[in-house]
Amino acid sequence: MCGIVGAIAQRDVSQILVEGLKRLEYRGYDSAGVAIYKDNAIHRIRRLGKVAELDEALQQNPLPGGLGIAHTRWATHGEPSERNAHPHMSQDNIALVHNGIIENHDELRDELKAKGYVFTSDTDTEVMAHLLHEELKTNSNLHHALFAATKKLDGAYGTVAIDTNQPDKMVVARSGSPLVIGKGIGEYFIASDQLALLPVTREFIYLEENEVAEVRRDGVTIWDEHGNTVTREFEVSDIQHDAVDKGQYRHFMLKEIHEQPSVVSDALEGRIVNHKIFVETLGQNANKVFEKVEALQLIACGTSYNAALVAKYWVEEFLKIPCLVEIASEYRYRHTAVLPNSLFITISQSGETADTLAALKKAKTEGYLASLTVCNSPASSMVRESDFTLITRAGTEIGVASTKAFTAQLVSLMLLMVSIGKAKGMDEQTEKDIAIALEHLPYEIQAALEQAKEIDELSKEFAEKHHTLFLGRGSQYPIAMEAALKLKEISYIHAEAYAAGELKHGPLALIDSDMPVVVVAPKDNLLEKLKSNIEEVRSRSGQLFVFADESAKIQETDGITVFPVKSEYSITAPMVYTIPMQLLSYYVALIKGTDVDQPRNLAKSVTVE
Ligand code: F6R
């Protein structure tokens, strides 16, 4: 959700800023801008559209300078337009970029207007620029002024500002929206994600909640929310430079789909020995807490929520304890009743999703045994806020539509389920069966990927449709939900998922010869039930596409196309059936010519409500 880059150096930073924005573009991509200090003034260029438009404008009007800030936007307040693009300025001397949402922007705007400030955009961010300008009248030092300004803000922000009167520094502040400071030699950088800065540094400090920092050419000073100086060392990141390189693939999404065999292997590395499962890195005393666990509460959004729903089937089958699953945006605002000895678990790729983070903060006051996050971003807010952590090891995911992060979440949730199970006395045979299934999973996923060509062919059947239904039963129902989410996200085809048994309670009315119905049909104890559901659709002339195990013996006939999927182990079948669903949505989107990696209206990390 929006991307921020800032730099202060002896050299020209304009290209560093643009390259940084390109690396963050997956987070937000409706407009972009830079503000660079040069010849005693701030010069600003903003463009509607992608960072390439801004790059082009800078090629035509180069703006070399040693101090600058930049932003790629995902609109919250004010339509995507050049006038709403960041940086926002106040009186020609302050420029400011912002991620997040300022909730009291209306009242602040009125106060600032009364003081004579003129607003040129519809954004909440412009309020911050003028507020900072106003504070500078009584606090001449930029970081003091920013500190005072942030005290007047309600909402979330990660922000960076520069001032023509103090051109030896950038000031930054964080509350609810991540910021990282990067260190070079005699130069420093700031970004909302370290990925933006990998071409220039590997040394990073993450700003903590409510901290303010001054970033100069010769160093960084950080203050906590009480104004005390904070000492923190830079740490060297091991993130791969090529994480933001598509390699041989046409899209990041396709690359990430194809990475899944190795993502699963990485998630399992060191965790299965002699068919026994060991997850040792959850945090101190995790086992002691697990022994006491009598219920789980899983909270997440979007794709991560679908992963949580799959885990519910596993937990209740193997641990025989209640597993409640809820969407974070609902949980955070409702009166909740906590089951005794419940463990609160958040699931998130980014670890920064505003609703999930807010749900976690709420849960900490509600009497849970402990909190645990299943997260792909080790330095994220959710990891810092949780008692225990399970890192999913999917690597950086750039495609806005989540693929490999989902599979890694499923694998991690299974490992977590076994870890809790073992602490509560899970028998060795069950552990062994699960371990064997997991060990085979990378190969099964690889085999599923090898069917990409056939799925590419099949996708033609969907590209002209306006709607698609996905059906599944048991732990494949959430896989049908995830398939529907993927299809609507990147191909813009309306798609819904139903538990197949629910069809006759309403959705059957939608079936006609123009309605493709995709069925996920592994060989499991629900297969015969599912076959009856398939018949219900067929007898109403629905157009069925059944992804089924060969042994399921579903006959291809008029109205039924059967696509074979090999999955030996029913417990890991949700992960295997996910692959053809991801490929299907990808190839449909390709035919439709949508922007696969950056679908319209979406952003990768949703750090605002
Ligand atoms: C869909 C997708 C989103 C995210 C959701 C939660 O492809 O990526 O639905 O899953 O925004 O994000 P995280 O997992 O970062 O909390």
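Residues numbered from 1 in each chain as written. Predicted model: local features only at pLDDT ≥ 70, side-chain atom pairs only at ≥ 80, totals over all residues. Heavy atoms only, no water.

1. Brief notes about the environment of G227
Tracing the backbone shows G227 in the loop between β13 (220–223) and β14 (229–230). Given the relative accessible area of 34%, G227 is considered partly exposed. Taking the C-alpha atoms as reference, G227 lies 8.5 Å from E211; in sequence the two are 16 residues apart. (Helix = DSSP H or I, 4+ residues; strand = E, 2+ residues; numbered from the N terminus. Buried < 20%, exposed > 50% of the residue type's maximum accessible area, 1.4 Å probe, protein only.)

2. Some words on the state of the cysteines
This structure, assessed with the given rule, holds zero disulfides. As a non-bridged cysteine, C2 has C301 as the owner of its nearest cysteine sulfur, 17 Å distant. Classification of C2 as buried rests on a relative accessible area of 6%. We classify C301 as partly exposed; its relative accessible area is 23%. (Disulfide = S-S within 2.5 Å.)

3. With respect to the packing of aromatic side chains
As enumerated under the stated definition, the model contains seven aromatic pairs in all. Between Y331 and F344, the ring centres sit 5.6 Å apart and the planes meet at 50 degrees, which makes this aromatic pair tilted. With a gap of 13 residues between them, Y331 in helix α10 (residues 328–331) and F344 in strand β20 (residues 342–348) connect regions that are remote in the sequence. Pair check on accessibility: Y331 and F344 agree, each one buried. The structure contains a cluster of three or more aromatic residues connected by ring pairs, namely Y331, F344 and Y368. The cationic tip of K362 hangs over the ring face of Y331; the distance from NZ or CZ to the ring centre is 4.4 Å. The cationic tip of K422 hangs over the ring face of F278; the distance from NZ or CZ to the ring centre is 4.5 Å. (Phe/Tyr/Trp six-rings, centres within 6.5 Å; stacked < 30°, edge-to-face > 60°. Lys NZ or Arg CZ within 6 Å of the ring centre and 35° of its normal.)

4. Considerations on the site of the ligand
Surrounding the ligand, one finds 14 residues, the nearest of these being S304, S348, Q349, S350 and T353. A distance of 2.8 Å separates an oxygen atom of the ligand from a polar atom in the side chain of E489. Burial of the ligand by the surrounding chains reaches 90%, relative to a free accessible area of 410 Å². Where the shell around the ligand is concerned, the elements lending two or more residues are α9 (302–319) and α17 (477–491). Sort the elements by how many residues they give to the shell around the ligand and α9 lands first, with three residues. Of the residues assigned to the shell around the ligand, the class counts are four nonpolar, eight polar and two charged. (Near = heavy atom within 4 Å. Polar contact = N/O pair within 3.5 Å; in protein donor to acceptor, adjacent residues only side chain to side chain. Areas by Shrake-Rupley, 256 points an atom, 1.4 Å probe, with all protein chains shown as cover. Nonpolar A, V, L, I, M, F, W, Y, C, P; charged D, E, K, R; others polar.)

5. Overview of the side chain of S304
With respect to the helices and strands, S304 occurs in helix α9. Assessed through its relative accessible area of 9%, S304 is described here as buried. If near-sequence neighbours (up to four positions away) are discounted, S304 is found in contact with I347, S348, Q349 and Q409. (Contact = heavy atoms within 4.5 Å.)

6. Overview of the side chain of E326
Mapped onto the secondary structure, E326 falls in strand β19 (residues 323–327). Of the polar contacts made by the side chain of E326, one reaches the backbone nitrogen of Y331; its length is 3.4 Å. Polar side-chain contacts of E326 include one of 2.6 Å to the side chain of R334. Beyond its immediate stretch of four places on either side in the chain, E326 contacts Q297, L298, I299, A300, Y305, Y331 and R334.

7. Remarks on the packing of helix α7 (residues 260–268) against helix α14 (residues 428–449)
Contact geometry for α7 and α14: axes closest at 8 Å, N-to-C directions at 170 degrees. Judged on the interaxial angle alone, α14 and α7 are roughly antiparallel. Between α7 and α14, the contacting residues are Q260, P261, V264, S265 and L268 on the first element and L438, E439, L441, P442, I445, Q446 and L449 on the second. Residue composition of the contact of α7 with α14, grouped by class: eight nonpolar, three polar and one charged. (Axes fitted to C-alpha atoms, helices over the stretch in contact; angles between N-to-C directions. Parallel < 35°, antiparallel > 145°, perpendicular 65-115°, else oblique.)

8. Observations regarding α17
Its 15 residues give α17 an end-to-end C-alpha distance of 21 Å, which sits within 8% of 21 Å, the value for a rise of 1.5 Å per residue. Taking burial as the measure, the 15 residues of α17 include eleven buried ones, the bulk of the element. Turning to α17, its buried residues number three or more, namely P478, I479, A480, E482, A483, A484, K486, L487, E489, I490 and S491. One or two steps after α17, the chain reaches Y492, where phi turns positive at roughly 65 degrees. (Expected span 1.5 Å × (residues − 1).)

9. A closer look at a negative patch on the surface
A cluster of acidic residues, E103, E107, D110, E111 and D154, forms a negative patch on the protein surface. Tracing the chain through its elements places D154 in the loop between α5 (142–150) and β7 (157–163). (Patch = residues over 30% accessible without salt bridge, like charges linked within 9 Å, V, L, I, M, F, W, Y side chains within 5 Å. Salt bridge = Lys/Arg side-chain N within 4 Å of Asp/Glu carboxyl O. Lys, Arg positive; Asp, Glu negative; His and termini not counted. Charge placed at Lys NZ, Arg CZ, Asp CG, Glu CD.)

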